[in-house]
Amino acid sequence: MLPGPRPPRVPPPLRVLPLLLCLLLAGCGGRPPAGAAEQDVRRAVADWSRVPPERLAGIPLEDWAYEVASVHRDGVRASVQARLRYRLAGYDAAPADSERALELARDDGTWRVRSDRPAPGALPQLWDQGAVTVVRGAHALVLGSAGQGTLAEVAAEADRAVPAVSGAWPRPWAGRVVVLVPGSLELMAQLLGRPAEAYRGLGAVTTGRVGAGTGPADRVVINPEGYAELSGPGRRVVLTHEVTHVATRAATTATTPLWLSEGFADWAAYRGTSSTPEQAAPALARAVRRGELPAGLPPAEAFAFGGDPDAVARAYEGAWLACRLIAGRWGEAALVDLYERAGREPWPTALEEALGVDPAELTKAWQEELRAELG
């Protein structure tokens, strides 16, 4: 008799299980799959970043978190691209962020962060430049690498600037300001991502995006070299000017004429002082006496730094005198109304609604004012 067909052989279950485990582990050597290794690195970053570093303990940081974007693992080392998000408690309405590059090493089976730097091409944070001292004022938070006394003087000046700005801009705003004081002009330029020459001679600048009402608080960044050269009244004007930009940021858009934005900030800074047009607008006064009356209100490109300093000075002075004219002839409330309208309406419409004139009429009135005040 011929034998019948044999039934298929079924491996014992205990022999199948090790095979499946080897396949799941991508080899019987016990190495975890790439995904698990990446998760270990991500978990290490999350554990390391639960609280800010101890060296930043004096800075009022909250909502501190690193969001990992990518992980590159090479044996016992790993590189991580991440986005740091944080708030300055009591100052930032929304998180500030920073692109970071982390380096990790595996030691005794545990991943540890060995370095945290700005990602290539990203702007550094103030604390990337060294130790940070913190001084709190009534309306200001000052962070910097200068001595406690210098930062306290800046905080006192900022505390005077905030109420002055609130008087000139009677609209809701935070009523507080963050001031950064880097250690040098070069370090200031690094924070802002531009060449140092762009800021030489300036006392301070303001960061922030126009119309960013829901964005983080602006930072006023001091140029320690330019600021040190200013007189007491000069420092007051500079800080009040920059704080005005912070206050008006949400009302400022891409359609707001730059001369109105800069002129209003200077108007707020000089408001209530005894400075005369002759004293506060010397470059423009010299031009008017030479018969060089401006043909129109300063265009945006006239405010670009790096060119002729005298031309830039004339642009700022002319913008201030235009806002001074509007406040004096139509009233301060009309100037504020014009500023708000200019950020949301076409310029001719904003002028007509706020002042009842057209652009040509405003320009003519301004030119007449320049002749009368500076001629």
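Residues numbered from 1 in each chain as written. Predicted model: local features only at pLDDT ≥ 70, side-chain atom pairs only at ≥ 80, totals over all residues. Heavy atoms only, no water.

**Overview of the side chain of Q125**
Condition: To qualify as a helix, a DSSP run of H or I must reach at least 4 residues; to qualify as a strand, a run of E must reach at least 2; elements of each kind are numbered from the N terminus. Pairing of N or O atoms within 3.5 Å defines a polar contact, subject to two protein rules: one partner must be a possible hydrogen donor and the other a possible acceptor, and residues neighboring in sequence count only if both atoms are side-chain atoms. A contact between two residues is defined here by any heavy atoms of the two lying within 4.5 Å.
Structurally, the position occupied by Q125 is in the loop between β4 (110-118) and β5 (133-136). Engagement of the side chain of Q125 in a polar contact is seen with the side chain of S98, the distance being 3.5 Å. Dropping the residues within four chain positions of it, Q125 is found in contact with Y86, D97, S98, R100 and L191.

**Some details on a negative patch on the surface**
We apply this condition: Residues enter patches when their relative accessible area tops 30% and they take part in no salt bridge; the joining distance is 9 Å for like charges and 5 Å for the nonpolar side chains Val, Leu, Ile, Met, Phe, Trp and Tyr. Accessible areas in this description were obtained via Shrake-Rupley with a 1.4 Å probe; residue shielding takes into account the shown protein chains only. We define a salt bridge as a contact between a side-chain nitrogen of Lys or Arg and a carboxyl oxygen of Asp or Glu at a distance within 4 Å. None of His or the chain ends enter the tally, which takes Lys and Arg as positive and Asp and Glu as negative. Charged side chains are reduced to one point each, which is NZ for Lys, CZ for Arg, CG for Asp and CD for Glu.
A surface patch of like charges, here negative, comprises E352, E353, D358 and E361. Secondary-structure assignment places E352 in helix α12 (residues 347-355).

**As for the pattern of salt bridges**
Here is the rule: Exposed residues in this analysis have more than 50% of their type's maximum accessible area, buried residues have under 20%, and partly exposed residues fall in between, with area computed by a 1.4 Å probe over protein chains only.
Within the structure shown, the criterion is met by 25 salt bridges. Taking the shortest distance from any N to any O, the salt bridge between D97 and R83 comes out at 3.4 Å. You can see D97 sitting in strand β3 (residues 96-107) and its partner R83 sitting in strand β2 (residues 77-88), a full 14 residues away along the chain. E345 serves as the salt-bridge partner of R341, at 3.1 Å between the closest nitrogen and oxygen. Each member of the pair, R341 together with E345, is buried. Each of E67, R83, R85, D97 and E99 takes part in salt bridges that share partners, so that together they form one network.

**Digging into unusual backbone geometry**
Of note, D63 is a non-glycine position whose phi angle comes to about 55°, a positive value. With respect to the helices, strands and loops of the structure, D63 is situated in strand β1 (residues 61-74). A residue is classified by how much of its surface remains accessible, and D63, at 47% relative accessible area, is partly exposed. For D108, which is not glycine, the phi torsion reads 55° and is therefore positive. Turning to its location among the elements, D108 is positioned in the loop between β3 and β4.

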